Amino acid sequence: MTPAAQYETHERDVLIIGAGGAGLRAAIEALAQGARVAVICKSLLGKAHTVMAEGGLAAAMGNVDHSVDWRAHFRDTYNGGKRLNNWRMAQLQAQEAPDRVRELEQWGALFDRTPDCQILQRAFGGHTYKRLCHVGDRTGLEMIRTLQDRGVEMGFDVYMECTVTRLLKDGNRVAGAFAYWRDSGKFAVFKAKAVVIATGGIGKSWKITSNSWECTGDGMALAYDAGAELLDMEFVQFHPTGMVWPPGVQGLLVTEAVRGEGGILRNKNGERFMEKYDPKRLELSTRDVVARSIYTEVKEGRGSPHGGAFLDISHKPVEYVKRKLPSMYHQFKELADVDITKGPMEVGPTCHYVMGGIRVEADTGQSTLPGLFAAGEAAGGMHGANRLGGNSLSDLLVFGRRAGLAAGEYAKKGAMPSLDAAQIEDAAREALAPFERSGGENPYKIHHDLQDVMQNLVGIFRTDADLRRALVELDKLKSRAKNIRVEGSRAFNPGWHLNFDLKSMLTVSEACAHAALARTESRGAHSRLDFPKTEDEWGKKNLVIAKKGDAMNLFEVPRPALPAELEQILAEGK
Ligand SMILES: Cc1cc2nc3c(=O)[nH]c(=O)nc-3n(C[C@H](O)[C@H](O)[C@H](O)COP(=O)(O)OP(=O)(O)OC[C@H]3O[C@@H](n4cnc5c(N)ncnc54)[C@H](O)[C@@H]3O)c2cc1C
């Protein structure tokens, strides 16, 4: 029997995996190319992690600080990324973000306004000017709503609550994906000329994280397994302000907009400690610096009662706080019984964002594997060693659009690939194996242990000994994961879902630990206690990981020189 006859099969020109900001923007652009487009997402449409984005999206609109143009945005992004960014991506993002915002507005997004009715922009860490276009502290919701409406109106097909477990190939080229429906557990096969990965981040490998359940690094692991390369995987951002109390909500994000709107950080002695770590930018320093500062205050005994710092916005008028930070007001009131208009919040670092990801070409989002594109948090390069707040949402729009455009054009040129029955059967066999084992491990226990390893050994501060230990522990976890046993049926089975997620989490965690061990310097979000300095030599190369047999092959790639025009922009900022 052919695979098409055995499993439900869908054929499209462009298949987009992920319905966050990047996936939806890619879908809209591929549709505009005349492509037949399918979007697959493992959660519901409208519920992708992007919906949680709060503070805003960075674009050099110049609506509030009138002197700004893309050059200053490029400079801030490149300096914030400790000059390890793909410079072309940083340039494109700075140049194109304003158009992407205006376009979003034309499609119906209702941003907060200035008195003269322009899109209002707020301050954020590492941005020299007020750049963040926002909708209170619910910007991601408005963005997803707008993109979703636009995509539905243009006519994409959405397959939701459907998880991709493997990319299918025709020779060296990507040919589609193997997936299962989360409700019924039945399999589905997608055949496509081009595939765009927009599956978001990897934060669920850490114990304390702001990330949603979807962020298990699936797209990076799928791409890696299919032969694509991963870039800069050592750079994982710990956001300085997550909730630290009560335990059930530990890690939940406290948006940087609190600091953007004037929030002040203090230790238990009432000292405004950022005066010591970054006297110029204070609370609006970059995330890596603020996270390490809070961590250090706690470690040296000056932390808040639950092991964090105090963040206070209560000096602002009550109505202002409620209007500008409505989600934060409710979050603390309902979850911690704290009224942030009257007193401080307790906050501490939380795993938030991965700067690394699938290695892509800047202009097109094309990976190193023919037919495979990537955009958004799943793609690497744009943010270098550290991302500035607000730069992810604009990244999703700029590079989502570019990847959708390139995938649409690629699909126009190419013939429909063939599916290989053996690959499909192998994917099905692998998926069913956990039900067929007589003994074996519970995936929840393995996930718990993985989070311990990543939190304790591959966290904010890293050492050679810890990272080596992490790799040994990850090897053990990989062996245990091969022996997972899942009880029950395929319908609505969360243990089975976790079994797939774990495979991805173990791949991206290993990639992160490998690259972190190799990078013997400190830069941006990667802090080595045993190599505390930033080294010029390391600024000349990126680390890439590719699959070789069953092993991870890590190698250095030299960074292309910056064009004179961009060098000039950096020099102007000195
Ligand atoms: C609380 C919070 C607040 C934030 N606030 C901001 C902000 O104000 N500004 C900013 O710039 N950034 C912010 N960020 C970061 C930003 O939200 C994310 O980086 C961004 O939303 C990622 O978007 P994405 O499109 O790449 O992926 P996501 O939005 O994560 O979407 C991933 C999609 O892929 C799907 N998927 C994943 N795996 C599979 C699979 N195997 N099969 C099928 N589908 C799959 C998911 O279901 C989902 O639809 C914030 C992050 C958090 C956690």
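Here the structure is a predicted model, which means the values were calculated and not measured. (Residues numbered from 1 in each chain as written. Predicted model: local features only at pLDDT ≥ 70, side-chain atom pairs only at ≥ 80, totals over all residues. Heavy atoms only, no water.)

### Section: the overall build of the chain
What the chain contains, in helices and strands, is 17 helices and 20 strands. Here the chain has a C-alpha radius of gyration of 23 Å; the compact-globule value for 574 residues is 25 Å, and the two agree. Considering only C-alpha atoms, the chain reaches an extent of 70 × 50 × 50 Å along its principal axes. Out of the 574 residues in the chain, the part that is buried amounts to 62%. Surface exposure of the chain reaches about 21200 Å², of which carbon and sulfur atoms provide 51%. (Helix = DSSP H or I, 4+ residues; strand = E, 2+ residues; numbered from the N terminus. Rg over C-alpha atoms; globule rule 2.2 N^0.38 Å. Buried < 20%, exposed > 50% of the residue type's maximum accessible area, 1.4 Å probe, protein only. Areas by Shrake-Rupley, 256 points an atom, 1.4 Å probe, with all protein chains shown as cover.)

### Looking at the pattern of salt bridges
One side chain can pair with another of opposite charge once the charged atoms of both are near each other. On inspection of all chains with the given rule, the structure shows 52 salt bridges. The residue Lys 42 makes a salt bridge to Asp 218 at a minimum N-O spacing of 2.9 Å. Here the residue Lys 42 occupies a position in the loop between strand S2 (37–41) and strand S3 (57–58), and Asp 218 occupies one in helix H6 (residues 218–226), the gap between them amounting to 176 residues. Glu 283 is the salt-bridge partner of Arg 272, the closest N and O atoms lying 2.7 Å from each other. Linking Arg 272 in the loop between strand S12 (264–266) and helix H8 (274–277) with Glu 283 in the loop between H8 and helix H9 (287–299), this pair joins segments that are 11 residues apart in sequence. Residue Glu 283 is classed as buried on the basis of its relative accessible area of 3%. Taken together, the shared-partner salt bridges connect Arg 166, Asp 225, Asp 426, Arg 429, Glu 430, Lys 503 and Lys 547 into one network. (Salt bridge = Lys/Arg side-chain N within 4 Å of Asp/Glu carboxyl O.)

### Observations concerning the sheet that holds strand S15 (residues 357–358)
The sheet built from four strands is open, its strands ordered S15-S10-S19-S20 with antiparallel pairing. Both edges of this open sheet fall to S15 and strand S20 (551–558), since each of them pairs with a single strand only. Docked against the sheet, helix H16 (residues 494–518) engages strand S10 (230–231), strand S19 (541–548) and S20, running at close to 50° with respect to S20. (Pairing = 2+ DSSP bridges. Contact = heavy atoms within 4.5 Å. Axes fitted to C-alpha atoms, helices over the stretch in contact; angles between N-to-C directions.)

### Observations concerning the packing of helix H3 (residues 70–80) against helix H17 (residues 564–572)
For the pair H3 and H17, the least separation of the axes is 9 Å and the interaxial angle reads 80°. By the angle between their directions, the pair H3 and H17 is classed as roughly perpendicular. The segment H3 lies against H17, with Trp 70, Arg 71, Phe 74, Arg 75, Tyr 78 and Asn 79 engaging Glu 565, Leu 566, Ile 569, Leu 570 and Glu 572. The class makeup of the residues in the contact of H3 with H17 is six nonpolar, one polar and four charged. (Parallel < 35°, antiparallel > 145°, perpendicular 65-115°, else oblique. Nonpolar A, V, L, I, M, F, W, Y, C, P; charged D, E, K, R; others polar.)

### So, the packing of helix H2 (residues 21–32) against helix H12 (residues 391–413)
At a minimum axis distance of 7 Å, the contact between H2 and H12 shows a crossing angle of 40°. The orientation of H2 with respect to H12, classified from their angle, is oblique. H12 is crossed by H2, and the crossing has right-handed handedness. Only Leu 396, Leu 397, Gly 400, Arg 401, Gly 404 and Leu 405 of H12 make contact with H2, whose side of the interface consists of Gly 21, Ala 22, Arg 25, Ala 26, Glu 29 and Ala 30. (Left-handed = near helix turned anticlockwise from the far one by under 90°.)

### Considerations on the nonpolar core
Judged by nonpolar contacts, the single largest core of 130 residues is most densely connected at Val 14 and Val 37. It is H16 that contributes the most residues to this core, 13 residues altogether. Not counting the four nearest positions on each side in its chain, Val 37 is found in contact with Arg 12, Val 14, Ile 16, Ala 27, Ala 30, Leu 31, Phe 156 and Asp 157. Residues Val 254, Leu 265, Ala 309 and Ile 313 belong to the second largest nonpolar core, which totals 27 residues. (Core = buried A, V, L, I, M, F, W, Y, C linked by side-chain atoms within 4.5 Å.)

### Regarding the environment of Gly 227
Among the secondary structure elements, Gly 227 is positioned in the loop between H6 and S10. Look past the residues within four positions of Gly 227 in its chain and what remains in contact with it is Thr 368 and Leu 369.

### Observations regarding the site of the ligand
In the vicinity of the ligand lie 39 residues, with Thr 50, Gly 55, Glu 214, Asp 218 and Glu 377 positioned nearest. Take Ala 22: an N or O atom from its main chain is 3.0 Å from an oxygen atom of the ligand. Between the ligand and Lys 42, the relevant distance is 3.1 Å, taken from a nitrogen atom to a main-chain nitrogen or oxygen of the residue. The fraction of the free accessible surface of the ligand (1000 Å²) that becomes covered by protein chains is 99%. Looking at which element gives the most residues to the shell around the ligand, the answer is H12, with four residues. Grouping the constituent residues of the shell around the ligand by class yields 15 nonpolar, 18 polar and six charged. (Near = heavy atom within 4 Å. Polar contact = N/O pair within 3.5 Å; in protein donor to acceptor, adjacent residues only side chain to side chain.)

### Comments concerning the packing of aromatic side chains
Here the structure, examined in full by the defined rule, presents 14 aromatic pairs. Aromatic pair Tyr 7 and Phe 178: ring centres 6.2 Å apart, planes at 85°, arrangement edge-to-face. Placement of Tyr 7 in the loop between helix H1 (3–6) and strand S1 (8–17) and of Phe 178 in strand S8 (residues 173–181) is noted, with a sequence separation of 171 residues between them. Considered together, Tyr 7 and Phe 178 belong to a single accessibility category, that of buried residues. Seen in terms of ring centroids, Trp 206 and Phe 238 are 6.4 Å apart; in terms of plane orientation they differ by 85°. Their pairing is edge-to-face. In this pair, Trp 206 sits in the loop between strand S9 (187–197) and H6 while Phe 238 sits in strand S11 (residues 236–243), placing the two residues 32 residues apart along the sequence. You can call Trp 206 buried: its relative accessible area is 0%. Given the relative accessible area of 7%, Phe 238 is considered buried. (Phe/Tyr/Trp six-rings, centres within 6.5 Å; stacked < 30°, edge-to-face > 60°.)

### Digging into H16
An α-helix turns once every 3.6 residues. As a result, residues three or four positions apart point the same way. Given a rise of 1.5 Å per residue, 25 residues ought to cover 36 Å, and the 36 Å separating the end C-alpha atoms of H16 matches this to within 8%. Buried residues dominate H16, accounting for 21 of its 25 residues. With a side-chain oxygen positioned 3.2 Å from the backbone nitrogen of Gly 495, the residue opening H16 is Asn 493. (Expected span 1.5 Å × (residues − 1).)

### Here's the deal with the sheet that holds strand S4 (residues 121–122)
In any sheet, the strands associate via hydrogen bonds between backbone groups, in a parallel or an antiparallel arrangement. With respect to topology, three strands assemble into an open sheet ordered S3-S5-S4, the strand pairing being antiparallel. Of all strands in the sheet, those bounded by a partner on one side alone are S3 and S4.

### Thoughts on H9
Taking 1.5 Å per residue, 13 residues should reach 18 Å; H9 reaches 18 Å between its end C-alpha atoms and fits that length. Taken residue by residue, H9 has Arg 287, Asp 288, Val 289, Val 290, Ala 291, Ser 293, Ile 294 and Glu 297 as its buried positions. Directly beyond the C-terminal end of H9, a positive phi value near 90° is found at Gly 301.

What is shown is where atoms sit, not what they do.
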